[in-house]
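# Residue-level structural notes
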Amino acid sequence: MKNLQTLMQAELLEALKDFKFIWLTIFFVILGVTQPLIHKYMDVILEHAGGADGITIDPNRTTPSSAEVLLSTVSGQFSQIGLVILVISFMGLIAADRNNGIQDFILTRPVSVRSYLLSKLTSHWLISMFSISIGALISYFYTNLLFDSFSFTSFLFFLVLYSLWILYIVSLTILISTFFKSPIIIAITTILLSIFFIIIKGFNHIFFQLSPGGILNVAENKLLSLQDINYFSILTCLLFVLLNISLANVNIKRS
Amino acid sequence: MFLFSISKGECVGLLGPNGAGKTTLIKCMTGILHPEEGEIMFNSKAIIQHKRHIGYLSQYTDFKPWMTCEESLLFFGKLSGLDRTFLKENTTKVLEEVGLKDRKNDKVEQLSGGMKQRLGIAQAILHQPLLLILDEPVSALDPIGRNEVKKLIARLKKRATILLSTHILDDAATFCDRYIIIRKGTIVGDIDNENNESDRKRIIVEIENAESIKEPLTNSEIKEMERISKNTFLLTGTKKLDLTEVVADFSQKGVDIVSIRFYKKEIEEIFLEMVSDT
């Protein structure tokens, strides 16, 4: 436990020294702000950006609800562009340690591989959730300001569920990192697998239940105040996290 | 299969060509890899339970570049479970020992290769290990860096049991009391550096005045006499030779012997014999 704490401190301190906390947060804040602004002022933006020739904006279009705006921010921006940036920021989390020999120095001490992996998982999940939460909070603030008000409790509940998806992404990056040395290959493989799990959840009910990507739907439903919380998807996501870390554990001990 | 033991205080060289399995063996010994079969024991217990008594230095040593030398040692010391007060005191002491006391507040990224390797040695000895495992500690360094690290190893040899993996045979000959030679994952030689008497058929003899020899010194037991230098000869026998008999034979022939000893094979010769395919 003490070793886990020491390793986590080092990871968090490294993120601080690398300005990862800052640039990742700025990135998610920009994503969080742009979506409500674009939804609200699309016609004004088009007009000031050289006119809206050829584009017809229905003046009677329905104003989206705050839940829909938030959903498009998180599902559209955070889960797509955000995912790519997150994975790119994590791609060296095991590979760098392995390539420069730090992993060997750590594991020759009375530190278990499990503690080492858990420190990576927890710290990078915290770093991500710090940035995502601030981005999402800013988005929530702008959405409330520009559209109708939205329940903060539902928003928080959504964030908690969404954080499980991020936990899964970090665990997947860790697992892939134990197979490959090249950060680029790690990033591409993780992104493709994440997209795969998002896509297959839509195939049918069984795939939905068995895909860790199902947690995204659960989170989105909470945002839209749909009450059918699927606890099985939460369990599936957590089981996949456990599976990823267990496989990574075995792989590090063998490779 | 590997079956060998290292006694307390020994400095053992682990030699072998590239791909022989040296690093894999070392990674198993240090608990980085977990062997699927077999046991590695340390003081009669599984070595994995004695990680705190093992110090390890790898060929390519690097640290978190944003940490200072002192912070790096404190980080690894904490992971070794060292007491806070002891760690603080020993960090200063170890940095002084490896010659980095003045650089303790410098970031690792500012250090040269040799300095990083010295810091690597510092992290390996920080917790006062009983067994020090050094994997190719100088092979990635320039001559200056090599010299710095070799001096340190020579000092460490006096107080710790060392397993030194290297393909630089001169270094092995300088530091090691014993060599374990491996090839394709198997031990092919376990040789004592001091008492390497595997070849008693050859003798090096230095005589007083080689020009004064009147008759051939070869006989039924000495089949060949090869001149190495002005007064030094390598005698090759048909069977194992007895030094006293050779001395007696030579004095009968009026040849004064200055020194006589069995020819000891150089480590390079032994190594090549053991790892060659023929």
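To be clear, the structure that these remarks concern was listed above.
Everything in this summary refers to the structure shown in the same document. (Residues numbered from 1 in each chain as written. Chains lettered and ligands numbered in written order. Predicted model: local features only at pLDDT ≥ 70, side-chain atom pairs only at ≥ 80, totals over all residues. Heavy atoms only, no water.)

## Topic: the interface of chain B and chain A
Listed per partner, the contact involves 26 residues of chain B and 25 residues of chain A. Note on chain B versus chain A: buried area summed over both sides is about 2500 Å², and carbon and sulfur give 60% of it. Counting across the chain B and chain A interface gives 4 salt bridges. Asp-97 of chain A is paired through a salt bridge with Lys-64 of chain B; the nearest N and O atoms lie 3.8 Å apart. (Contact = heavy atoms within 4.5 Å. Buried area = accessible area lost by both parts, 1.4 Å probe. Salt bridge = Lys/Arg side-chain N within 4 Å of Asp/Glu carboxyl O.)

## Quick look at the packing of helix 7 (residues 152-177) of chain A against helix 8 (residues 183-200) of chain A
Residues and elements named next belong to chain A. Remark: helix 7 packs on helix 8, axes separated minimally by 9 Å, with the N-to-C direction vectors making an angle of 135°. As judged from the angle between their axes, helix 7 and helix 8 are oblique. The crossing of helix 7 and helix 8 is right-handed. Each of Trp-165, Tyr-168, Ile-169, Leu-172, Thr-173, Ile-176 and Ser-177 in helix 7 lies in contact with helix 8, whose residues at this interface are Ile-186, Thr-189, Thr-190, Leu-193, Ser-194, Phe-197 and Ile-198. Split by residue class, the contact of helix 7 with helix 8 holds 9 nonpolar, 5 polar and no charged. (Axes fitted to C-alpha atoms, helices over the stretch in contact; angles between N-to-C directions. Helix = DSSP H or I, 4+ residues; strand = E, 2+ residues; numbered from the N terminus. Parallel < 35°, antiparallel > 145°, perpendicular 65-115°, else oblique. Left-handed = near helix turned anticlockwise from the far one by under 90°. Nonpolar A, V, L, I, M, F, W, Y, C, P; charged D, E, K, R; others polar.)

## Observations concerning the pattern of salt bridges
Here the structure, examined in full by the defined rule, presents 17 salt bridges over all chains. In this structure, Lys-157 of chain B and Asp-177 of chain B form a salt bridge, with 3.4 Å as the shortest nitrogen-oxygen distance. Remark: Asp-177 of chain B occurs in the loop between helix 6 (169-175) and strand 7 (178-183) and Lys-157 of chain B occurs in the loop between helix 5 (143-156) and strand 6 (161-165); sequence separation between them is 20 residues. Using a relative accessible area of 27% as the deciding quantity, one classes Lys-157 of chain B as partly exposed. Judged by its relative accessible area of 24%, Asp-177 of chain B falls in the partly exposed class. In this structure, Asp-249 of chain B engages Lys-253 of chain B in a salt bridge whose closest nitrogen and oxygen atoms are separated by 3.4 Å. Look at Lys-253 of chain B and you get partly exposed, because its relative accessible area is 23%. Put simply, Glu-11, Glu-14, Asp-97 and Lys-120 of chain A together with Lys-64 of chain B are held in one network by salt bridges that share partners. (Buried < 20%, exposed > 50% of the residue type's maximum accessible area, 1.4 Å probe, protein only.)

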